[in-house]
Amino acid sequence: MASNLRNNAALISKAAAEFKVPTIVTTIAEKSFSGPTFDEIKKVFPDHKVIDRTSMNGWEDVNLIAEVNRIGKGRLALAGLWTGVCIVGPALSALEQGFEIYIITDACGDVTEEAHERAVQRMIQAGARPTTSVQYLLELQRDWARGDTYNETVATAKTLAGSYGLGLIYAKTMFGASEGH
């Protein structure tokens with residue numbers, strides 16, 4: 001689960017950067033509790049300001065809320081190290097305030113599969129929408145004829161999207177498949 005989590009965190013980070021999706025990166029007590037942001041995220045956002053908070057529910061952190069308000073979007077996609085802590089709190093709080101919430105479930109983790117699944121189910125019951133890292137990337141791309149993001153999306157998928165990426169490699173190798181040019 002941990003290697004998939006890190007891989008999928010890298011995938012959604014690359015997708016967000018490629019498509020210029022406003023992105024907020026947070027930690028919980030980095031120095032004393034949760035440790036640093038994954039290198040896979042820092043590589044994509046090397047100069048990004050990381051909000052280091054102490055509240056388990058990020059929605060209770062004034063710096064995080066200030067950034068959400070500055071960005072001004074009504075739809076949020078969430079992913080995090082601990083689904084039952086990092087994601088449930090802010091997801092439920094944001095839903096209560098009328099935000100549309102997407103949980104990128106395979107870019108979240110927890111101490112057990114059971115804990116992760118119960119947290120996801122709780123958020124779905126409250127109105128959150130589950131998605132996956134590959135769905136996130138492809139929903140941003142939307143159309144293979146979209147040339148300005150085609151090469152980067154294909155490169156990200158080949159590198160980080162598992163069997164989907166292998167399918168792209170196969171199609172290109174066997175059939176010379178290419179769109180977006």
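Data block above holds the structure.
The present account deals with the structure reproduced in this document. (Residues numbered from 1 in each chain as written. Predicted model: local features only at pLDDT ≥ 70, side-chain atom pairs only at ≥ 80, totals over all residues. Heavy atoms only, no water.)

Pairing within the open sheet is parallel, and its 3 strands lie in the order β3-β4-β5. With partners counted over all chains shown, the strands left at the sheet margins are β3 (75-78) and β5 (129-131), one partner each. Neighbouring strand axes in the sheet, compared pairwise and without regard to direction, differ in orientation by 25 degrees on average. The sheet contact formed by strand β4 (residues 100-104) and β5 spans 3 bridges and is parallel. Bridge assignment links Ile104 to a residue of β5, and that residue is Thr131. Those strands touched by helix α5 (residues 83-96) are β3 and β4, and its axis lies near 160 degrees from that of β4. (Pairing = 2+ DSSP bridges. Helix = DSSP H or I, 4+ residues; strand = E, 2+ residues; numbered from the N terminus. Axes fitted to C-alpha atoms, helices over the stretch in contact; angles between N-to-C directions. Contact = heavy atoms within 4.5 Å.)

Here we come to the side chain of Thr37. Secondary-structure assignment places Thr37 in the loop between α2 (30-34) and α3 (39-44). Non-local contacts of Thr37, meaning those with residues more than four positions away in its chain, are made with Val25, Thr27, Glu30, Lys42 and Val50.

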